[in-house]
Amino acid sequence: MSAYKNVFFLGATGYLGSEFLLLLNRELPELHIVALMRNVTPEREAQLRALYPNSSVVEGTLDDDAVIKEQAAKADTVINCASSDHPQSVLCTCISTSCVPECFKIVGMLTISRQIATLAGLEINAKNNPEKPPLYLHVSGCGIVSDNARGEPVESVKVWSDIGLDLKECDRRNMHLDCDIPIVEAGSRKENRLRTIIYFPGQIYGVGEGIQRTTVWLRVFLDMAKKLGFAGTWGPGANTMNNIHVRDCANGLLLVLKAALEGKADEGPDGLYFSASMEPMKTYYEWTEVMGNYLFEKGIINQAGSRPLPSEAVDPAGEYGWSLLGGNLIVKPERLAKLGWEPVETKKIPLLESLPSMIDAALQG
């Protein structure tokens, strides 16, 4: 698979994407990365090349369908680390305001539109290169398996494995599925075949070493706490999900890419990889309580601890908010384990211990 040299990369300057590029440069510096970048400046290009010197940029945003389609049509590999970050970044700027419902609708349409553009470009690519079908590595999220518990205690929570996983068996109210199911279908067909892999991280945490050093969920909850004066949860916060340090998540993504380039990765209907630690999980109440206490000690909010968020804060996000932030998302990363992956950093620096440094990094911008 050494012929797969040219990579079109979405989300290269983001939290997971830039952490991944640091690792990629150590392991596969011979690949050429073409990164989609908005507002290109010499300084931003220099930031990218500091992560991965063998790179160039194409100017555009995640909403520039024509640019995405054109690049996907000629790349050997497309890596999309941006699809899950983009909608949440809009949520981060709009949460607790009246524009949230409209943002969810608009961003959902833009995310689907971008996916259509990517797959359309890849289909052209596959038609032109029947002997070398393009590889598409797409980062989604474990929100697909939410039980929509609305933050309430649940006696028995289903644990999902990525072996035998069928996305059509997931609750269709959940995030990402409208984008992910067409990817699997594209990777299952025989005509104009694509090589597709979807990577599903759990709750990514930790201070990254890339360009964006903090995770979007932290910035969302931090922004809400500062506006409301306290930290809180969707419902009572009894729900939980697997977590994973950003370095472990990036390393898992690299292992999957290397396996794919060697022709050893599961692909198509089987190319579904959970990325999550089985270390002891913490409820949303537990980690927001740590956040609330820390922000209170720093004088940033006026109440310690955590409490259920008021309806005016959670209602604008609608059912998507309840699904993603009020549900249990418990998975077993069995396909990654087959590749020899272990959550090394997650074991060293658990979520609750990492939160103060994460908050400090987010506050510093």
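It should be emphasised that the depicted structure is a prediction, and the values quoted were computed from it without experimental measurement.

Here is what the cut-offs are and how they apply
Residues numbered from 1 in each chain as written. Predicted model: local features only at pLDDT ≥ 70, side-chain atom pairs only at ≥ 80, totals over all residues. Heavy atoms only, no water. Helix = DSSP H or I, 4+ residues; strand = E, 2+ residues; numbered from the N terminus. Rg over C-alpha atoms; globule rule 2.2 N^0.38 Å. Buried < 20%, exposed > 50% of the residue type's maximum accessible area, 1.4 Å probe, protein only. Contact = heavy atoms within 4.5 Å. Areas by Shrake-Rupley, 256 points an atom, 1.4 Å probe, with all protein chains shown as cover. Lys, Arg positive; Asp, Glu negative; His and termini not counted. Charge placed at Lys NZ, Arg CZ, Asp CG, Glu CD. Pairing = 2+ DSSP bridges. Axes fitted to C-alpha atoms, helices over the stretch in contact; angles between N-to-C directions. pLDDT = per-residue confidence, 0-100. Phe/Tyr/Trp six-rings, centres within 6.5 Å; stacked < 30°, edge-to-face > 60°. Core = buried A, V, L, I, M, F, W, Y, C linked by side-chain atoms within 4.5 Å. Parallel < 35°, antiparallel > 145°, perpendicular 65-115°, else oblique. Left-handed = near helix turned anticlockwise from the far one by under 90°. Nonpolar A, V, L, I, M, F, W, Y, C, P; charged D, E, K, R; others polar. Right-handed = clockwise from strand over helix to strand, strands pointing away. Polar contact = N/O pair within 3.5 Å; in protein donor to acceptor, adjacent residues only side chain to side chain.

**Let's talk about the overall build of the protein**
Turning to step 1, where the next piece is worked out: Scanning the protein for helices and strands turns up 14 helices and 13 strands.
Turning to step 2, where the next piece is worked out: The C-alpha atoms of the protein give 20 Å as radius of gyration, which agrees with the globular expectation for 365 residues (21 Å, within 12%).
Turning to step 3, where the next piece is worked out: Across its three principal axes, the protein shows a C-alpha extent of roughly 60 × 45 × 40 Å.
Turning to step 4, where the next piece is worked out: Counting every position in the protein, which comprises 365 residues, the buried fraction comes to 56%.
Turning to step 5, where the next piece is worked out: Sequence separation of at least 24 residues holds for 82% of the intrachain contacts in the protein that already meet a minimum separation of 6.
Turning to step 6, where the next piece is worked out: Total accessible area on the protein is roughly 14800 Å²; 51% of this is exposed by carbon and sulfur atoms.
Turning to step 7, where the next piece is worked out: Counting 35 positive and 45 negative side-chain charges, the protein places the centres of these two groups 3 Å from one another.

**Overview of the pairing of strand β4 (residues 77-80)**
Turning to step 1, where the next piece is worked out: Neither face of β4 is open: one carries T77 and I79, the other V78 and N80, and all of them are buried.
Turning to step 2, where the next piece is worked out: Of the pairings in the sheet, the one linking β4 to strand β5 (residues 135-139) comprises four bridges and is parallel in character. The partner of V78 across the bridge, within β5, is Y136.

**Brief notes about the sheet that holds strand β7 (residues 195-201)**
Turning to step 1, where the next piece is worked out: Pairing is parallel in the open sheet, where seven strands are placed in the order β3-β2-β1-β4-β5-β7-β11. Either end of the sheet is taken by a strand with one partner, and the two such strands are β3 (55-59) and β11 (272-275). Each strand of the sheet is rotated relative to its neighbour by a mean of 20°, with strand direction disregarded.
Turning to step 2, where the next piece is worked out: Helix-sheet contacts for helix α8 (residues 246-261) involve β4, β5, β7 and β11, and the interaxial angle to β7 is about 165°.

**Re the confidence of the model for the protein**
Turning to step 1, where the next piece is worked out: Scored by pLDDT, the protein comes out at a mean of 90, with 91% of its residues at no less than 70.
Turning to step 2, where the next piece is worked out: Throughout residues 84-110 the model reports pLDDT below 50, and contacts reaching past four residues in sequence, or to other chains, amount to 40 contacts.

**Looking at the packing of aromatic side chains**
Turning to step 1, where the next piece is worked out: Within the structure shown, the criterion is met by seven aromatic pairs.
Turning to step 2, where the next piece is worked out: Their ring planes at 55° and their centres at 5.3 Å tell us that Y284 and W287 sit as a pair that is tilted. One end of the pair, Y284, and the other, W287, are both in helix α9 (residues 284-297), three residues apart, so they sit about a helical turn from each other. Here the two residues Y284 and W287 agree in accessibility, since each one is buried.

**Considering the nonpolar core**
Generally speaking, a soluble globular protein has its nonpolar side chains buried in company with each other.
Turning to step 1, where the next piece is worked out: Core analysis: the largest hydrophobic core is formed by 68 residues, its most contacted members being F8, I144, L167, W234 and F274.
Turning to step 2, where the next piece is worked out: Per-element accounting of this core gives the leading share, eight residues, to helix α7 (residues 216-228).
Turning to step 3, where the next piece is worked out: Excluding residues within four positions of it along the chain, F8 makes contact with V34, L36, V58, I68, Q71, A72, A75, T77, V78 and I79.

**What about the packing of α7 against α9?**
Turning to step 1, where the next piece is worked out: Across the interface, α7 lies against α9 with an axial gap of 11 Å and an inter-helix angle of 55°. As summarised for this structure, α7 and α9 are arranged oblique, according to the angle between their axes. When you trace α7 past α9, the crossing you get is right-handed. Contact residues: W217, L218, F221, L222 and A225 in α7; Y284, W287, T288, M291 and L295 in α9.
Turning to step 2, where the next piece is worked out: Tallied by class, residues from the contact of α7 with α9 come to nine nonpolar, one polar and no charged.

**Some remarks on the pairing of strand β1 (residues 6-10)**
Turning to step 1, where the next piece is worked out: With four of five residues buried, β1 is to be regarded as a mostly interior element.
Turning to step 2, where the next piece is worked out: As for the winding sense of the linkage, the β-α-β connection from β1 through helix α1 (residues 15-27) to strand β2 (residues 32-37) is right-handed.
Turning to step 3, where the next piece is worked out: Inspection of the sheet shows β1 paired to β4 by four bridges, in the parallel sense. Counted as the bridge partner of L10 is N80 from β4.

**Side note on the side chain of S140**
Turning to step 1, where the next piece is worked out: Inspection of the secondary structure assignment puts S140 in the loop between β5 and β6 (160-161).
Turning to step 2, where the next piece is worked out: Given a relative accessible area of 4%, S140 falls into the buried group.
Turning to step 3, where the next piece is worked out: Looking at S140, its side chain comes within polar contact range of the side chain of D180, at 2.6 Å.

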